[in-house]
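A look at the structure
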Amino acid sequence: MKFSQLITKLKESQVGLISQGIQNDIEIVSGASIELAKELEITFLERGNILASQIETTNASAILLPDDKELIQVAKNRNINWASLTDPRLAFAVTLELINPPPKPNELIHKTSVIGDNVTIGKRVSIGAKVCIGNNCSIADDVVIHPGVVIYENVEIDLAVEIHANAVIHSGTKIGKRCVIHSNSVLGSEGFGFVPTKNGWRKMPQTGYVVLEEEVEIGCGSCVDRPSVGKTYIGAGTKIDNLVQIGHGVSTGKACAMASQVGIAGGAKIGDGVILAGQVGVGNRAVVGDRVIASSKSGITGKVNSGEIVSGFPAIPNRIWLRCAATFNKLPEMLKILKTLQKKGSG
Amino acid sequence: MKFSQLITKLKESQVGLISQGIQNDIEIVSGASIELAKELEITFLERGNILASQIETTNASAILLPDDKELIQVAKNRNINWASLTDPRLAFAVTLELINPPPKPNELIHKTSVIGDNVTIGKRVSIGAKVCIGNNCSIADDVVIHPGVVIYENVEIDLAVEIHANAVIHSGTKIGKRCVIHSNSVLGSEGFGFVPTKNGWRKMPQTGYVVLEEEVEIGCGSCVDRPSVGKTYIGAGTKIDNLVQIGHGVSTGKACAMASQVGIAGGAKIGDGVILAGQVGVGNRAVVGDRVIASSKSGITGKVNSGEIVSGFPAIPNRIWLRCAATFNKLPEMLKILKTLQKKGSG
Amino acid sequence: MKFSQLITKLKESQVGLISQGIQNDIEIVSGASIELAKELEITFLERGNILASQIETTNASAILLPDDKELIQVAKNRNINWASLTDPRLAFAVTLELINPPPKPNELIHKTSVIGDNVTIGKRVSIGAKVCIGNNCSIADDVVIHPGVVIYENVEIDLAVEIHANAVIHSGTKIGKRCVIHSNSVLGSEGFGFVPTKNGWRKMPQTGYVVLEEEVEIGCGSCVDRPSVGKTYIGAGTKIDNLVQIGHGVSTGKACAMASQVGIAGGAKIGDGVILAGQVGVGNRAVVGDRVIASSKSGITGKVNSGEIVSGFPAIPNRIWLRCAATFNKLPEMLKILKTLQKKGSG
């Protein structure tokens, strides 16, 4: 795509184009980070980015910039095509999609797929090789199911969902519009519920189901369990990374982000816009308010109020944790001083 | 199922029925938690449950109660069918199974499955679509294998085992009676054993195998590795949640419970009835006594004596850890006081 | 294999054979640990091994020893076949491979596999049942692909790679010579990249790809994500255990070892020969120098210099952490003493 065409598209996309300079209307072939970009590639810089000085040396042929006169001047001096935008990162996302349009699915039901009785399938649906779909499922228009996916019975898949290879969807699961289910993830599996008896653990039947609202993503290898009764619920626009565990009966709000290896135990309630960093744990029936941020490896039990930033285990406010963690290193020294003082005090 | 029929079944099940009141012999259609239950649904309360007051407002048509006169009186007043039992949770488990009997398997070897040479298959076995079974396997009566499962060679699967979709079972694995292997889990994979050499890591061949005793459950995405020599052993009735790692040569006792994202490193020995909460780690060759409980995120190295409850990393007795963790928040303040005292002391 | 034949093979393998004693040229049937070895089995001992005294009681028929006169004398006295070597563990690895040669692959493209257009396939390639391979892939000589594997388009697989059952390889991935990809792992999946907007999270297209250099291993259920631009890179000889997350744009050096449940966030740079123990986390864009060792559960953010051994979160030098962790238990007592001193001081 020519740089001039890209500018036209960015205008149409309403991503906040402010101004631009076409120094040389080259064909943009791909995107790259500023330090690795080569000729015919486009890159971007955000306000305050520590790589800003790289604009002096980058080999990129085009750059998306914040509205910053100095950066624009360097781009002009270096004869690099440029555009300034309110959010260069967002514009770069749009640009990458424009120059690398996602592969068009086949719109084909592969002859090696095995489809049960009473399955309704919408228009323009693509079902890959070796896919197995159980009885009484419904699959809406524009759904793409990659090879090797196994869908049990009574599953509802809404418009334009994409399910990647070898994922497994258990009975009763409802998947909202435009969700993306990544490879080898498992939705609607049995929750880990057992009753202690004198003869060992007896399974509590898991008769509930899983609901994903629209535009949810579930990462590779992640698991969302169904509960004994009721449902496990993932709010619209919530994005879940790889190898995350969502226990039975958990509910999350809208637009949360959960990084890799997060584990949320059964019955926890997560608010809207919550961000959980890598390897965070949330305990059974914990309650996490809206917009809470938990830094990596923290562990939440009990209740966290809306808007809090927490760290550590047990999780405490981040500003306190930072000071405590910094003092932790001084523990042996503190003990030594304390013993000296104690000796003096008793002397 | 009519409530009166359920009462009859609960008597037969010997789950400790004490008394009951059939106020209105309705059809019970499903189970629900007390705060969400609707008409025609059954719920339960345990002794001391914080939701006990919800019995005043629940819309459930039937309730399983402890032997508590006040609760029974409320049920009577509100015209709710009730039963009192020694363990209402256990009775609820039995009830859910009675009103939601697990789907009857197909008893069919799907024509798209690929079955190797010299495989013995018992009676009433169900083998789903796209299942691959290697040579010299034995599959006992009443086994259910869901679509997409891959079984390598020389695997022994005992009576009434259920293996969920896309799980992988490697060579030599022995799976005991009534085990449940959940979706996308992997049994008998190569242990992570390498010998350092001047040319990098050289693989230690993993010639051992994995044994699951009867009634073991392995959660979705969990991995049980085989060792270089000998076996990795999971004791009868041990329940393992999703995304758990069991390293090569680990042995566990009977009736353990391991929550999601637990990791047990190679050669660790776990006793009977051990409970490991979410994200717990157990180090190489650690020895964990019977009935040990490790709270979430704790890390065990070395030895933990039978009956201990441990927390933190390195894991210490839980009662001490609770006090230490509570004091951790005061570290900056403690340092400040200490410096003041030190100044005074030297003044 | 007769013990005498094994000695001949060990000489040929150049694993540092020093001397040997054939007491009784039995057939060696398998390997075992010293405490469990039975007749006709071979075992080994390393220098300083705490099990050394077991040589007095082992039932093994043969043993690989360090160059230690006392141990050799015991072996002679007990009429056990022995060999002394510079690295008995390495020799045991070679021995296990000699007596348990890995199963010879089928060299067969199974008729139920589905292979796309323009796929080049080398000599002696084995492609299992139900394997799906997308268009424009290249598969070199001696590659083994087990049942159920799904390979998207434009994937390059070099000589003698082995890919285990139900693994998924996404578009653009390049897998170097002799790599081993274990069951249910996922390579080249979309990185977890989203741009915050007023309408929620917008996906940053992930247009990059994943490169594994030669002799890399990726454990069961592990995920290696592709980045928005550029590549995620795993250096030659790096071994990755089960359930590990490698984020988008990570690069690792050569001959690293990463234990189970390690998580490396996007953009982190890992040097050569780095060892990360179980459940370690590495933060976004962290920089980890060559030969760094991080003990289990530690969390690295920022930068760690080459050769450091770190522990804890935030990770600090191991020697300091050990002392701090030992003092942590004393926190409540320290607080008590401090309050007493403060009272006195102010009295």
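Residues numbered from 1 in each chain as written. Chains lettered and ligands numbered in written order. Predicted model: local features only at pLDDT ≥ 70, side-chain atom pairs only at ≥ 80, totals over all residues. Heavy atoms only, no water.

**Here we look at the overall build of chain A**
The helix and strand tally for chain A stands at five helices and 38 strands. Taken over C-alpha atoms, the radius of gyration comes to 26 Å for chain A, far larger than the 20 Å a tight globule of 347 residues would show. Each of the three principal axes of chain A carries a C-alpha extent, and together these read 85 × 80 × 30 Å. Counting over 347 residues, chain A shows a buried share of 56%. Just so you have it, chain A exposes about 14200 Å², and 50% of that area is on carbon and sulfur atoms. Averaging the positions of the 36 positive and the 32 negative side-chain charges in chain A gives two centres separated by 10 Å. (Helix = DSSP H or I, 4+ residues; strand = E, 2+ residues; numbered from the N terminus. Rg over C-alpha atoms; globule rule 2.2 N^0.38 Å. Buried < 20%, exposed > 50% of the residue type's maximum accessible area, 1.4 Å probe, protein only. Areas by Shrake-Rupley, 256 points an atom, 1.4 Å probe, with all protein chains shown as cover. Lys, Arg positive; Asp, Glu negative; His and termini not counted. Charge placed at Lys NZ, Arg CZ, Asp CG, Glu CD.)

**Re the interface of chain B and chain A**
Residue-level contacts link 57 residues of chain B with 61 residues of chain A. The junction of chain B with chain A conceals about 4400 Å² of combined surface from both sides, 71% of it contributed by carbon and sulfur atoms. Ranking the residues of chain B by area buried against chain A places K130, K297 and L338 of chain B at the top, with a combined share of 13%. The interface formed by chain B and chain A includes two salt bridges. Across the pair E217 of chain B and K203 of chain A runs a salt bridge whose closest N-O atoms are separated by 2.8 Å. Among the secondary structure elements, those contributing two or more residues to the side of chain B that touches chain A are α3 (88-99), β25 (239-240), β27 (257-258), α4 (318-328) and α5 (331-346) of chain B. Residues of the side of chain B that touches chain A, tallied by class, amount to 28 nonpolar, 21 polar and eight charged. (Contact = heavy atoms within 4.5 Å. Buried area = accessible area lost by both parts, 1.4 Å probe. Salt bridge = Lys/Arg side-chain N within 4 Å of Asp/Glu carboxyl O. Nonpolar A, V, L, I, M, F, W, Y, C, P; charged D, E, K, R; others polar.)

**Some words on the pairing of strand β19 (residues 194-197) of chain B**
Across a regular strand the side chains alternate sides, sitting on one face of the sheet and then on the other. All names here are of chain B. In the sheet, β19 pairs with strand β20 (residues 200-203) via four bridges, with the strands oriented antiparallel. By the bridge assignment for β20, T197 is matched with G200. Once β19 ends, the chain turns through two residues before running back antiparallel as β20. (Pairing = 2+ DSSP bridges.)

**Overview of the interface of chain C and chain B**
It is common to give the size of an interface as the accessible area that goes away when the parts come together. At the junction of the two partners, chain C supplies 57 residues and chain B supplies 61 residues. In terms of surface lost to chain B, no three residues of chain C exceed K130, K297 and L338 of chain C, which account for 13% of the buried area on that side. Where chain C packs against chain B, one counts two salt bridges. Put simply, E97 of chain C and R202 of chain B hold a salt bridge, and the shortest N to O gap is 3.6 Å. Viewed at the interface, chain B and chain C are joined by 19 residue pairs in polar contact (both at pLDDT 80 or more). Residue assignment for the side of chain C that touches chain B shows that the elements contributing at least two residues are α3 (88-99), β25 (239-240), β27 (257-258), α4 (318-328) and α5 (331-346) of chain C. Per-element tally for the side of chain C that touches chain B: the top contributor is α5 of chain C, with nine residues. (Polar contact = N/O pair within 3.5 Å; in protein donor to acceptor, adjacent residues only side chain to side chain.)

**Quick notes on the side chain of D225 of chain A**
Relative to the helices and strands, D225 of chain A resides in strand β23 (residues 223-226). Although D225 of chain A is buried, it makes no salt bridge; R226 of chain A carries the closest opposite charge, 7.6 Å away. Here the side chain of D225 of chain A touches N242 of chain B through a polar contact of 2.9 Å, side chain to side chain.

**Looking at the domain arrangement of chain A**
Each assigned domain of chain A is listed here: domain 1 (3-99) and domain 2 (114-322). Its C-alpha centre places domain 1 of chain A at a distance of 37 Å from the equivalent point of domain 2 of chain A. (Domains from an automatic or database assignment.)

**Observations regarding the packing of helix α1 (residues 3-13) of chain B against α3 of chain B**
Each pair of packed helices gets described by two things: the angle between the helix axes and the distance between those axes. All names here are of chain B. The N-to-C vectors of α1 and α3 enclose an angle of 120 degrees; their axes lie 11 Å apart at closest approach. Classified by the interaxial angle, the pair formed by α1 and α3 is oblique. The element α1 and its partner α3 pack so that their crossing is right-handed. Contact residues: L6, K9, L10 and S13 in α1; A91, V94, T95 and L98 in α3. (Axes fitted to C-alpha atoms, helices over the stretch in contact; angles between N-to-C directions. Parallel < 35°, antiparallel > 145°, perpendicular 65-115°, else oblique. Left-handed = near helix turned anticlockwise from the far one by under 90°.)

**Considering the sheet that holds strand β6 (residues 114-115) of chain B**
Residues and elements named next belong to chain B. Pairing within the open sheet is parallel, and its 10 strands lie in the order β6-β9-β12-β15-β18-β23-β26-β28-β31-β34. Where the open sheet ends on each side, the last strands, each with one partner, are β6 and β34 (299-300). Both strand β12 (residues 150-151) and strand β15 (residues 168-169) contribute to a ladder of two bridges, which runs parallel. Its bridge partner being in β15, V150 is matched across the sheet by V168.

**Concerning unusual backbone geometry**
Negative phi is the rule for most residues except glycine; trans is the rule for most peptide bonds. The linkage connecting F313 of chain B with the following residue, P314 of chain B, adopts the cis geometry, with an omega of -5 degrees. If you trace the backbone, P314 of chain B turns up in the loop between β36 (309-311) and β37 (316-317). With phi around 60 degrees, N154 of chain C is a residue other than glycine that occupies positive phi space. Along the chain, N154 of chain C falls in the loop between β12 (150-151) and β13 (156-157).

**Focus: the relation of the copies chain B and chain A**
Between the two copies of the chain lies a relationship made up of a rotation around an axis and a movement along it. Rotating chain B by 120 degrees and translating it 0.0 Å along the rotation axis places it on chain A, where the RMSD comes to 0.1 Å. Classification of the inter-copy transformation places it as that of a three-fold axis. (Least-squares fit on C-alpha atoms with pLDDT ≥ 70 in both.)

**A few points about the environment of Q206 of chain C**
All names here are of chain C. Structurally, the position occupied by Q206 is in the loop between β20 (200-203) and β21 (209-212). Sequence separation between Q206 and S189 is 17 residues, and the spatial gap between their C-alpha atoms is 8.8 Å. The contacts of Q206, once residues within four sequence positions are left out, are E190, G191, G193, R226, P227, S228 and H248. In terms of polar contacts, Q206 uses its side chain to reach the backbone amide nitrogen of G191, at 3.5 Å. Looking at Q206, its side chain comes within polar contact range of the main-chain nitrogen of S228, at 3.1 Å.

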